[in-house]
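Notes for the structure review
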Amino acid sequence: MNGPGISYQEQDGSGTRGWTRQLADLYGVAFAGPPWRETHADVLRFLRRFAWQSTVPTFRCILAVADDELLGACYGYSLTGPFPPDEPFYQQLLTQIDAGLIDRHLRGTYEIAELMVHPDAQRHGVGTTLLTDMLTNCRQAWLCVHRDSHARRLYERAGFRHLAPLTAARNQPLDLMTWTAAT
Ligand SMILES: CC(C)(COP(=O)(O)OP(=O)(O)OC[C@H]1O[C@@H](n2cnc3c(N)ncnc32)[C@H](O)[C@@H]1OP(=O)(O)O)[C@@H](O)C(=O)NCCC(=O)NCCS
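What comes next concerns the included structure. (Residues numbered from 1 in each chain as written. Predicted model: local features only at pLDDT ≥ 70, side-chain atom pairs only at ≥ 80, totals over all residues. Heavy atoms only, no water.)

Describing unusual backbone geometry
Residue P35 is reached from P34 by a cis peptide bond, and omega for that bond is 5 degrees. Counting through the fold element by element, P35 comes out in the loop between α2 (20-30) and α3 (40-53). Of note, the phi angle at R170 is positive, near 55 degrees, even though the residue is not glycine. Note that R170 resides in the loop between β6 (161-167) and β7 (173-180). Here N171, not a glycine, exhibits a phi torsion of approximately 60 degrees, which is positive. Tracing the backbone shows N171 in the loop between β6 and β7. Under the relative-accessibility criterion, N171 is labelled exposed at 64%. (Helix = DSSP H or I, 4+ residues; strand = E, 2+ residues; numbered from the N terminus. Buried < 20%, exposed > 50% of the residue type's maximum accessible area, 1.4 Å probe, protein only.)

What to know about the site of the ligand
Taken together, 22 residues lie around the ligand, and L115, R123, G125, T128 and R157 are the ones closest in. Contacts to the ligand include R123, whose side-chain N or O atom sits 2.6 Å from an oxygen atom. Take R153: an N or O atom from its side chain is 3.1 Å from an oxygen atom of the ligand. Isolated, the ligand exposes 900 Å² of accessible area, and the fraction of that covered by the protein chains is 82%. Counting only elements with at least two residues in the shell around the ligand, the list comes to β4 (110-117), α6 (126-135), β5 (140-146) and α7 (151-158). The element contributing the most residues to the shell around the ligand is α7, with five residues. Residue composition of the shell around the ligand, grouped by class: 12 nonpolar, seven polar and three charged. (Near = heavy atom within 4 Å. Polar contact = N/O pair within 3.5 Å; in protein donor to acceptor, adjacent residues only side chain to side chain. Areas by Shrake-Rupley, 256 points an atom, 1.4 Å probe, with all protein chains shown as cover. Nonpolar A, V, L, I, M, F, W, Y, C, P; charged D, E, K, R; others polar.)

Digging into the nonpolar core
Among the nonpolar cores identified, the biggest contains 35 residues, and L23, L63, L93, I97 and M116 are the most heavily contacted of them. Leaving out residues up to four positions away in the same chain, I97 has contacts with I102, A164, P165, L166 and L176. Counting 26 residues, the second largest nonpolar core, distinct from the first, contains I6, L71, L131 and V145. (Core = buried A, V, L, I, M, F, W, Y, C linked by side-chain atoms within 4.5 Å. Contact = heavy atoms within 4.5 Å.)

Comments concerning the sheet that holds β7
What the seven strands build is an open sheet, ordered β1-β2-β3-β4-β5-β7-β6; its pairing is mixed. The sheet is open, and its two edges are formed by β1 (7-11) and β6, each paired on a single side. Geometrically, the sheet is characterised by an average inter-axis angle of 25 degrees between neighbouring strands, direction not taken into account. Bridging between strand β3 (residues 69-78) and β4 involves seven bridges; their strand directions are antiparallel. Note on β4: the bridge partner recorded for A73 is M116. (Pairing = 2+ DSSP bridges. Axes fitted to C-alpha atoms, helices over the stretch in contact; angles between N-to-C directions.)

Focus: helix α4 (residues 88-96)
Among all positions of α4, only Y90, Q92 and L93 are buried. Take α4 and look down its axis: the buried residues cluster within an arc of 155 degrees, on one side only. What points out from α4, more than 90 degrees from its buried face, is the exposed set P88 and T95. (Arc of directions from axis to C-beta.)

Quick look at the structure:
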């Protein structure tokens, strides 16, 4: 699956917005299973998030495409100013995570905001390739992962290390993980 049939393409925010419908479909199927069990309402929340995320100047996305079908995507950005006040996720971060840790590890560093691979294409290295491509040219990055997600092992293998626990919407147990490029 991670072979010659798949092309990986990098897009900025406006380029990625051309894939909005396919991204929403992919999000819906990738996060439908455990431990996420996301619903149509969550897909709509994803679309609202993506609408502002894709306007962040540092936004970058890597898409995995085969025969014009979107098999996987990974995107992120670094926020240089304050965290968006209307986003519950960042408000949870600010209330639950030590301010010193936020300043040292999260502010101005690259946030891997989403990583998803279509269930039919999983476990063939697509997720690892997307993440590795995203980290190219990064010095420091961070992300949140569900404590019971298979993605956790993938992130650890890529060099992410646990920083702090975080309880997100619907009481989901997340782990905040950080990554620093090898010198
Ligand atoms: C996490 C995800 C992106 C991984 O994509 P992928 O293309 O399967 O990733 P890779 O093939 O590169 O790596 C797979 C590794 O992840 C772990 N993994 C992924 N799916 C797994 C599964 N169903 N069972 C066990 N381990 C799994 C394993 O460590 C696996 O390595 P292995 O196959 O050598 O054991 C994909 O499973 C996904 O979209 N999941 C739902 C959304 C999600 O959880 N995103 C991350 C949010 S933080």
